[in-house]
Amino acid sequence: MFEHAEPIATFLRQDDVIAVRIRRDFDAPPERLWTALTRPEDLVQWLAPGMIALELGGVVQLDFGDSGVVIDSLVTAFTPGKLLEYGWSGAGEAPRPLRWEIEPAGEGARLTLSLTLPATEDAGRAAAGWSAHLDMLAAALAEVPIRFPFARFQAACETYRKPVAIAEAAWALGATPAANAVPA
């Protein structure tokens, strides 16, 4: 139902960070996708309970209850309906910027999610987690919310191992090409 044949994640190692970019097309207009990314009653359907103050410097609070992860951040970039950026780090953790960009795509919208995390962390696991949450977002937009697709997450973790390793090897050789991956 929410499978994708096109490559949706790229990985790029740069010094002590790995940049991950995930692109996904949705069968919803850009305005509806924006609402799903920002409105508390929509966030809880696919991400976590919380709120985002939609202004530069606005407060971002998301509570992943069972996991113990609480995001308490600030909006660092903002263009209404098009761009939202905030930190995706828990208290005392390394910075992990998270950037959402929306653009029209045919009858729907294209979402580009960019995140940066320390190179010491598992970028493939992070990408797999976000891919699973984007499946939940697609389901919520279709008004058939689903629980976290753990089996898909596990398969994507395995699928992303190779492109992350390629990005790491390219960095080690002094090159900087991104490696594409297709989710499981």
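Scroll up a little and you will see the structure.
These lines cover the structure that appears in this document, whether it is placed above or below. All values reported here derive from a predicted model rather than from experimental measurement. (Residues numbered from 1 in each chain as written. Predicted model: local features only at pLDDT ≥ 70, side-chain atom pairs only at ≥ 80, totals over all residues. Heavy atoms only, no water.)

## Digging into helix α4 (residues 150-172)
- Between the first and last C-alpha of α4 there are 32 Å, a value that for 23 residues agrees with the 33 Å anticipated at 1.5 Å per step.
- Maximal helix bending in α4 amounts to about 30°, located at Arg161; proline Pro163 follows within four positions.
- For α4, the full list of buried residues reads Arg152, Phe153, Ala156, Cys157, Tyr160, Pro163, Val164, Ala167 and Ala170.
- Residue Gly174 follows α4 closely and has a positive phi angle near 90°. (Helix = DSSP H or I, 4+ residues; strand = E, 2+ residues; numbered from the N terminus. Expected span 1.5 Å × (residues − 1). Bend = angle between axes of the 7 residues up to and from the residue. Buried < 20%, exposed > 50% of the residue type's maximum accessible area, 1.4 Å probe, protein only.)

## As for the environment of Leu54
- Within the secondary structure, Leu54 is located in the loop between β3 (50-52) and β4 (59-63).
- Discounting chain neighbours no more than four positions away, the residues touching Leu54 are Trp34, Thr38, Phe78 and Leu84. (Contact = heavy atoms within 4.5 Å.)

## So, the side chain of Thr112
- Of note, Thr112 is situated in strand β8 (residues 108-118).
- Of the polar contacts made by the side chain of Thr112, one reaches the side chain of Arg23; its length is 3.2 Å.
- Here Thr112 is in contact with Arg21, Ile22, Arg23, Arg99, Trp100 and Glu101, once residues within four sequence places are set aside. (Polar contact = N/O pair within 3.5 Å; in protein donor to acceptor, adjacent residues only side chain to side chain.)

Any functional reading would require information beyond the geometric quantities listed.
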